[in-house]
Structure formats: structure tokens, C-alpha cells
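Structural overview
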Amino acid sequence: MSDRGEWALAIAREAGEFTLRYFDDPGLQIDRKKDGTPVTLADRGAEELLRRRIAERFPDDAVLGEEFPDREGTSGYRWILDPIDGTKSFIHGVPLYTTLVGIEREGSPVAGVIAIPALGKGVYAEKGEGARQWRSDGTVLPARVSETARLEDALFLTSEVKTFAETGRAEIYRRLDAQCRLARTWGDAYGYYLVATGRADLMVDPELSPWDAGPLSTILTEAGGIFADWTGRETIYGGDGFACNRLLFGRVAGLLGGLER
């Protein structure tokens, strides 16, 4: 791995460990941001840690994070951070939240990490180097998407069913639910982790911010799959997103109103 790739993996795991200090704490204070979403001391503290670590090693790199203002840079690299992706799960003691670190170079994704602190596992990738998953016992294995070729055999995941209705896309959810073998809400970035490691076949989000998707393009691509917005563009800036293997991509993109491939 490159210096930045190794650092991304190290600091994602460190920030994830930081969040465990507050995980499943019934006395944890929960604040509300302007958009009504919850935020905690763990969210803010973990992002502050990530930003400090990046500044220590790569002070000329830009940073985009969920909890604090953007930091400009001059190196051509930008880090994209979500200290706790799945804060709603986190505050309810659900261990499926993640810590996300993505890296872009001149606007193109080059590295990404999904750390799952409460489960002691995760996945990381760097452009051209493949994707790897790790476990708390020190095991490191290749990460590959599934080879499921039919939606009728697929496990479909999403973060929250009501978001489809809130974005005027309730019919899309009904169509996916009807056509796939099984649907579950093992969502947020944990769902993308399951797709990248071949445990699930399709993850769909009707609403997605760049920090929610920062590492996803690199990880899914290096695992043999695709991450795209609902028009079929391989971007983290479309405002929505989905991930699957390449055998399912054309049909899913068609269902979502995107481009057949």
C-alpha cells in the first residue's frame, strides 16, 4: 500500500476504537444538527482525531468531513471522512455502525476504508491493488463481490425503507423487494461492506452524502463490483447510490431509472 493508503487504514481503525469508548452508553448525550440528524461527542471526537492524524502526516492535503468545515489543500489529495456512519444505530447500541475514510487524487478515488469497530472487522482497498477484509483475530483475506447473476437469487439491502417514500421513490423499493429473493435493512456502510465481501448482492440508498460514500467507489471496484449513483454514473456525488456485482448492474440500473449496460 502507499503511504496514504496505509495511514488511512491505521487512522480509521484508531478512530473506530475511539468510538467504542462511547458505544452502548445509556448516558450518552445526543444533540441534533440543523438538518435534524443526531450527533454525539463520539462523532465529533472521532473526526477531530482523524483530522489531527491527517495533518500530522499530510498537512497539504484537503479534508472533507461530516462534522466540521472543509479544509483546503494544495497537494491534489483530499480525504473524505465520516467518523460514525450509522449514528442512529450507534446511539441505540446496534453494532453495525462504521468509520469511513476515503482518499481522492485530483478528484478521482484512490483508496478507501470501512472499519466496523464494534465487530472488530472491516475492508480496505487501494486503486489497482485489490480489496482486503480483516478480522479482529488478525486474519486478512481478499474481498470479492458475489457471482449472483439474477435478482431473483439476490439479497437486497438498504439503510431505511421510509427514505424511499420520503424521496418520492416508494415504488422503486416495492419493485426491488418484489424481485429480489430477500430484503434486509442491514444498511449504511455496513451494507456496502457486505456487498464488497460477497455476503450480500445489492445495496441501495435513495439519499447519500459524499462522506457517506467516500471509500465506496474504490472498495467496490477493487472487489470486482460497481458503486454508482441512480443514473448509472460511477460517482460519490450523485446524492444517491447503489452497489452490486457487474452481473446485476444492468438490471438494477434499469430498475432505478439509470442506464442499461
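The present account deals with the structure reproduced in this document.

So, on to the pairing of strand β12 (residues 202-205). On β12, burial covers both faces: Leu202 and Val204 on one face and Met203 and Asp205 on the other are all buried. The sheet contact formed by strand β10 (residues 155-158) and β12 spans three bridges and is parallel. Bridge pairing links Thr158 to Val204 in β12. Across four bridges, the pairing between β12 and strand β14 (residues 241-245) is antiparallel. By the bridge assignment, Leu202 is partnered in β14 with Cys244.

Another point: the sheet that holds strand β6 (residues 108-116). Two pairing modes exist for strands in a sheet, parallel and antiparallel, and in both the strands are linked by backbone hydrogen bonds. Sheet architecture is open: seven strands sit in the order β3-β4-β5-β6-β7-β8-β9, paired in mixed fashion. Edge strands, defined here as strands with exactly one partner in the open sheet, are β3 (62-65) and β9 (140-142). Each adjacent strand pair in this sheet contributes to an overall mean axis angle of 20°, direction not counted. In this structure, β6 lies alongside strand β7 (residues 121-126), joined through six bridges in antiparallel fashion. Within the sheet, the bridge partner assigned to Ile114 lies in β7 and is Val123. On top of the sheet, helix α2 (residues 41-57) reaches β3, β4 (77-85) and β5 (98-105); it is set at about 155° to β4, its chief contact. Where helix α6 (residues 188-196) meets the sheet, its contacts fall on β4, β5, β6, β7 and β8 (131-135), and the angle it forms with β6 comes to roughly 105°.

With that out of the way, let us pick up the environment of Asp25. Secondary-structure assignment places Asp25 in the loop between α1 (3-19) and β1 (30-32). Among the residues examined, Asp25 registers a relative accessible area of 35% and is labelled partly exposed.

A side chain with one charge can pair with a side chain of the opposite charge if their charged atoms come near. For the coordinates displayed, the defined rule picks out 15 salt bridges. Two residues, Glu160 and Lys162, come together in a salt bridge whose shortest N-O distance is 3.8 Å. One salt bridge connects Asp229 with Arg233, and the closest N-O pair in it is separated by 2.8 Å. Among the residues examined, Asp229 registers a relative accessible area of 1% and is labelled buried. Given the relative accessible area of 46%, Arg233 is considered partly exposed. Via salt bridges that share partners, Glu14, Arg53 and Glu56 belong to a single interconnected network.

Grouped together as the largest cluster of nonpolar side chains are 31 residues, with contacts concentrated most on Trp79, Leu81, Phe90, Val101, Ile103 and Val113. Going through the elements one at a time, α1, α2, β4, β5 and β6 are the ones with two or more residues in this core. Top element by residues in this core is α1. It accounts for seven residues. Dropping the residues within four chain positions of it, Ile103 is found in contact with Arg4, Gly5, Ala8, Tyr77, Arg78, Trp79, Ser108, Pro109, Val110 and Ala111. Of all hydrophobic cores here, the second largest spans 30 residues; its members include Ile80, Ala200, Met203 and Leu208.

With that out of the way, let us pick up the pairing of β6. With seven of its nine residues buried, β6 lies for the most part within the structure. By the bridge criterion, seven bridges tie β5 to β6 in an arrangement that is antiparallel. Paired with Gly102 across the strands is Gly112, a residue of β6. Hairpin geometry of β5 and β6 is characterised by an intervening segment of two residues between the two adjacent antiparallel strands and by a positive phi of about 50° at Glu106. Between β6 and β7, which pair antiparallel one after the other, the connecting turn spans four residues, and Gly120 there sits at a positive phi close to 65°.

In this section: the sheet that holds strand β13 (residues 225-228). Pairing in this open sheet of five strands is mixed, and the strands run β11-β10-β12-β14-β13 from one edge to the other. Looking along the sheet, the strands with just one partner apiece sit at the ends: β11 (182-184) and β13. If you compare each strand with its neighbour and ignore which way they point, the axes differ by 15° on average. Helix-sheet contacts for helix α5 (residues 170-179) involve β10, β11 and β12, and the interaxial angle to β10 is about 150°.

We now examine the packing of α1 against α2. Relative orientation of the contacting elements α1 and α2 amounts to 155°, with a least axis distance of 9 Å. Comparing the axis directions of α1 and α2 gives the class roughly antiparallel. At the point where α1 passes α2, the crossing takes the right-handed sense. Between α1 and α2, the contacting residues are Asp3, Trp7, Ile11, Ala12, Glu14, Ala15, Phe18 and Thr19 on the first element and Leu41, Ala42, Gly45, Ala46, Leu49, Leu50, Arg53, Ile54, Glu56 and Arg57 on the second. Across the contact of α1 with α2, the residue classes tally to 11 nonpolar, two polar and five charged.

Cut-offs and rules
For every chain, the first residue of the written sequence is number 1, and numbering continues from 1 along that sequence. In keeping with the predicted nature of the model, local features appear solely for residues at pLDDT of at least 70, side-chain atom pairs appear and are counted solely at 80 or more, and the whole-chain, interface and lining totals rest on all residues. Excluded from the side-chain calculations are hydrogens and water; all other atoms, namely the structure's heavy atoms, are used. Categorising residues by exposure relies on relative accessible area from a 1.4 Å probe, with only protein chains included: less than 20% of the type maximum marks a residue as buried, more than 50% marks it as exposed, and the intermediate range marks it as partly exposed. What counts as a helix is a DSSP run of H or I of at least four residues, what counts as a strand is a run of E of at least two, and both are numbered from the N terminus. The criterion for strand pairing is that DSSP finds at least two bridges linking the strands in question. Here, axes are lines fitted to C-alpha atoms. For helices the fit covers the stretch in contact, and angles between N-to-C directions go from 0 to 180 degrees. The contact criterion used is simple: two residues touch if any of their non-hydrogen atoms lie within 4.5 Å. The term salt bridge refers to a pairing of a side-chain nitrogen on Lys or Arg with a carboxyl oxygen on Asp or Glu at a separation within 4 Å. Side-chain atoms within 4.5 Å are what join buried Ala, Val, Leu, Ile, Met, Phe, Trp, Tyr and Cys residues into a set we call a nonpolar core. For classification purposes, an angle smaller than 35 degrees is called roughly parallel, one larger than 145 roughly antiparallel, one from 65 to 115 roughly perpendicular, and anything else oblique. Each crossing is labelled by how the near helix is turned from the far one, with a counterclockwise turn of less than a right angle marking it left-handed and a clockwise turn marking it right-handed. In this count, Pro and Cys sit with the nonpolar residues alongside Ala, Val, Leu, Ile, Met, Phe, Trp and Tyr, while Asp, Glu, Lys and Arg are called charged and the others, Gly among them, polar.

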